[in-house]
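# Summary of structural features
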Amino acid sequence: MVIWIPMVPSTPTQTPVSGPSRGRGFRWVLAGAGLAAVVAAVGLLWRGGDDAQALSASAAPVNATRSAGSHGGGGGGGPAPSGVEEAEAAERRFSDQTCFPELARFNDGVTLETFRDWAAPLLASKDPLVRDYLMSKLSELIGDDAGKAGQVVAWARDAQGAEFKVLLSGLRGSDAVQKPQVAARLLEAGMDKGLPIERRAGMLSALDTQKHLTPDAMDRMAEFARDPASTEAGWAATRTLGRVMARESENLGDASPYLDRLITIATDAPDEQIRHLAQTAPLHNSPVLDAKTTDRFARILQSEGNEDGRDAAAQVLAMSSDKEQTLKLFADSFNREQSVCVRWALFRFSARVAGRDALPVMANMATVDPRFQPLYRTFETLYASGNVDFIRIWNELPDQNPFGCMDRHQ
Amino acid sequence: MPRFLQGLRALGGLALMLAPPAALAQSTPPAAKPALEGESCSVRGLMDQLRQGLGSSSKAYREYLNAVLREAAVSLPSGELHAAFDRETDPAMVEQLAAALVARSEREAEKDAIQAVARRALEDRDPSVRAATVRAMRRTGALEKTGDMYERLMRDGSPEVRMEAAQNLIEDNQYVYSGHHGPATDTAVNAAVASTDPKVTAKLLESLDTRKLGPEAGQKLLGMLGHESADVRRSAALALGGVPAAQMAPAREALVGMYRGERDAGVRKALVQGIAELGFADAVPELRKLRSVDPSMAPEIDAWIRVLQSGVQEWGLLLREKQRLQQVR
């Protein structure tokens, strides 16, 4: 089934997403093509995305449902309107975009020193394109100058509203943010108990473009995320750890130090949303798990009270290097599991563990719970027809949401 | 913008042009704060801004101008926009105006606006303008609305135009359709086959996701394995690795059969990769057999065998593990 979904994720309660900006395109993807319900739920959480999104750790659920866009082939019935009528109708339908003829002078003349003063009327316009421009322009003004970056961190300590976001987004996108002294300053601000918690969240989020985090930074962020008082700033710290881990993985670096800390958060954080964020972090880089990591995630599968967490653990465990042990764990967990959604995760991710070789285990699951009989037959047929890639299998399923589990997140 | 402000702006521009060189300018006071008042966008105003701003050294500003034109496009007067597009001859400006028309079409403000862009991509006398209009259609649904435009562009006399068209098909398939729209995949394969430029054909095929390839286009792709250009054979082998389940068996047979007779090392590597993708762990026995054909390929085949035996069940992750292995070696 092909459906349209917007480029911004459908949002779980804790996903920090602002609404899609106007003019963004829509893309064709399969329903839940990323992988599982849990990925669909977490969406593109770890990916770069909009700067303002990254810096807002407050929940901002949006209704992601949109009608089919302009793609998808044939038009509907009825006579087509003439070009002129269509154009006139469009002019009525779309609100005017604001233009700023003097922006060229702003662009040529603004310096870091004048930025806040000059940008104020532009920010007051609330134009999203201008706001994006200001973020990028500030990154250019900072360049790779650690002194300028430090100045912006200082401003961000007391800047308000949209200006706060622009300052930190500009910093986050600058070259200078990669300098150790700038990253250290942001971390210190993020850990500063004297600052309001949402401001600390912004500081910690601005670290998510780092290419690497030092072991000390990772430890401090992980410890902070486990502090019951950390709330949204702990959530931002966890997200930053996950995003930097994903970037390390993309660059074929070593993700294990990040994963180690994230599993600690995933296990120990008292806040369920922070724990869940950490549990889902490895879904975005799919690390191959060694024996120790497999054991730690197995404990999450067996002991996490939140079924979304157990669902995520099943998906992460499917990348364990010990296929036999994982299939056995899935079979045992399936028998004990009460939630049909987690059972569905254990069932389908068995195929991610071992492909066609998992079919006997899946057949047993379908015997334990007959609701899985038709699903088993579908998997069996897909493997028999020559499919080997789990993603292909998933995308070929006639119904990726047989138990309505994805709907939990809408 | 009121006329008196336009006049001031013109003077401002002149003042900048007459400003002393940077070294002498250090003692001059900082630039005066501009009056940043928003107003309704107009075609002429935007064209002026773009004409001045596209050469700006600030990427942030250039990107803003691009975005604002596309955003404003839906509410700009259609006739004025079309007239400006028809009149314009500077490729950079043509690209912007074409993108505005494409945006109108994409957002259903004026469905047929893209036809004017497609016509110019095919018919303008200046190859730079044709290339620019092709770029304006990138990452949109243009290939669903422009008939056989891409096949015709493959036969364009200008290599730049052909390459831009190939880039559109690659990026549309990847970013607009995520490889899940069979007709878009088939359009790319048909264009690759229609091309008489091996570089373009190879570029199109090597990164194409063929999971939704239709049977007819699949046959054409198999035919590309016999191409005289090693680059084309290599990219066709890679593309065949991803075909749908129903086409896997003939693809595997073709790749294995070809391996023994192939002389080019790059093509052989691609054949091995295609075989690995089509079979995952099931490909290991076949790869073992091929190992003795060319001893220089043994390390490559061994690396694939090791990765496939890891039991990872997703092609993207197998590719990553293979890269990791190469990094270690």
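The rules behind these values
- Residues numbered from 1 in each chain as written.
- Chains lettered and ligands numbered in written order.
- Predicted model: local features only at pLDDT ≥ 70, side-chain atom pairs only at ≥ 80, totals over all residues.
- Helix = DSSP H or I, 4+ residues; strand = E, 2+ residues; numbered from the N terminus.
- Rg over C-alpha atoms; globule rule 2.2 N^0.38 Å.
- Buried ≥ 20, exposed ≤ 12 C-beta atoms within 10 Å, placed from the backbone.
- Contact = placed C-beta atoms within 7 Å.
- Pairing = 2+ DSSP bridges.
- Axes fitted to C-alpha atoms, helices over the stretch in contact; angles between N-to-C directions.
- Parallel < 35°, antiparallel > 145°, perpendicular 65-115°, else oblique.
- Left-handed = near helix turned anticlockwise from the far one by under 90°.
- Nonpolar A, V, L, I, M, F, W, Y, C, P; charged D, E, K, R; others polar.
- pLDDT = per-residue confidence, 0-100.
- Domains from an automatic or database assignment.
- Core = buried A, V, L, I, M, F, W, Y, C linked by C-beta atoms within 7 Å.

In the annotation of an unreviewed UniProt entry, the entry for chain B reads HEAT repeat domain-containing protein, and the organism field reads Corallococcus aberystwythensis.

## Some details on the overall build of chain B
The number of helices and strands found in chain B is 19 helices and one strand. Rg of the C-alpha trace for chain B: 26 Å, well past the compact-globule value of 20 Å for 329 residues, more than 25% over. Overall size of chain B, expressed as C-alpha extent along the three principal axes, is 80 × 50 × 35 Å. Looking at the 329 residues of chain B, the share that counts as buried comes to 47%. The contacts of chain B with a sequence gap of at least 6 include a subset with a gap of at least 24, amounting to 63%.

## A look at the overall build of chain A
When helices and strands are counted, chain A shows 21 helices and three strands. With 410 residues in all, chain A has 50% of them scored as buried. When contacts within chain A are restricted to residue pairs at least 6 apart in sequence, long-range pairs at least 24 apart make up 70% of them.

## Topic: the interface of chain A and chain B
Across the boundary between the two partners, chain A contributes 59 residues, which contact 64 residues of chain B. Secondary-structure elements contributing two or more residues to the side of chain A that touches chain B are β2 (26-30), α3 (83-93), β3 (98-99), α4 (103-109), α5 (112-124), α6 (128-142), α18 (340-354) and α21 (390-396) of chain A. Considering every element that reaches the side of chain A that touches chain B, the biggest residue donor is α4 of chain A, with seven residues. Inspection of the sheet shows β3 of chain A paired to strand β1 (residues 39-40) of chain B by two bridges, in the antiparallel sense. Bridging from a neighbouring strand, Thr-98 of chain A pairs with Ser-40 of chain B of β1 of chain B.

## Here's the deal with the environment of Ser-286 of chain A
With respect to the secondary-structure elements, Ser-286 of chain A resides in the loop between α14 (272-280) and α15 (291-303). We classify Ser-286 of chain A as buried; it has 21 C-beta atoms within 10 Å. The spacing of Ser-286 of chain A and Gln-315 of chain A is 29 residues in sequence and 9.0 Å in space, taken between C-alpha atoms. If we skip the residues at most four places from it in the chain, Ser-286 of chain A touches Met-319 of chain A together with Leu-317 of chain B.

## Some thoughts on the packing of α14 of chain A against helix α16 (residues 307-317) of chain A
Residue and element names in this part refer to chain A. For the pair α14 and α16, interaxial distance at closest approach is 9 Å and the crossing angle is 15°. Comparing the axis directions of α14 and α16 gives the class roughly parallel. Helix-helix and strand crossings are classified by hand; for α14 and α16 the assignment is left-handed. Where α14 approaches α16, its residues Arg-275, His-276, Gln-279 and Thr-280 are matched on the opposing element by Asp-308, Gly-309, Ala-312 and Ala-313. Across the contact of α14 with α16, the residue classes break down as two nonpolar, four polar and two charged.

## As for the confidence of the model for chain B
All names here are of chain B. With 91% of its residues at a pLDDT of at least 70, chain B reaches an overall mean of 90. Ignoring residues within four places in sequence, the model shows residues 1-27, a span with pLDDT below 50, making nine contacts including any to other chains. Scored as a complex, the prediction yields pTM 0.83 and ipTM 0.84.

## Side note on the domain arrangement of chain B
According to the domain assignment, chain B consists of domain 1 (60-137), domain 2 (151-240) and domain 3 (247-329). Computed over C-alpha atoms, the centres of domain 1 of chain B and domain 3 of chain B are 45 Å apart.

## Comments concerning the nonpolar core
The biggest cluster of nonpolar side chains holds 200 residues, and the ones touching the most others in it are Leu-262 and Ala-314 of chain A together with Ala-98, Leu-101, Val-102 and Val-117 of chain B. A per-element tally of this core places α18 of chain A first, with ten residues. Not counting chain neighbours up to four residues away, the residues in contact with Val-102 of chain B comprise Ile-114, Val-117, Ala-136, Met-137, Thr-140 and Ala-142 of chain B.

## Concerning helix α12 (residues 198-206) of chain B
Buried within α12 of chain B are the following residues: Val-200, Thr-201, Ala-202, Lys-203, Leu-204 and Leu-205 of chain B. The secondary structure elements touched by the buried residues of α12 of chain B are α9 (149-154), α10 (159-176), α11 (182-194) and α14 (230-240) of chain B.

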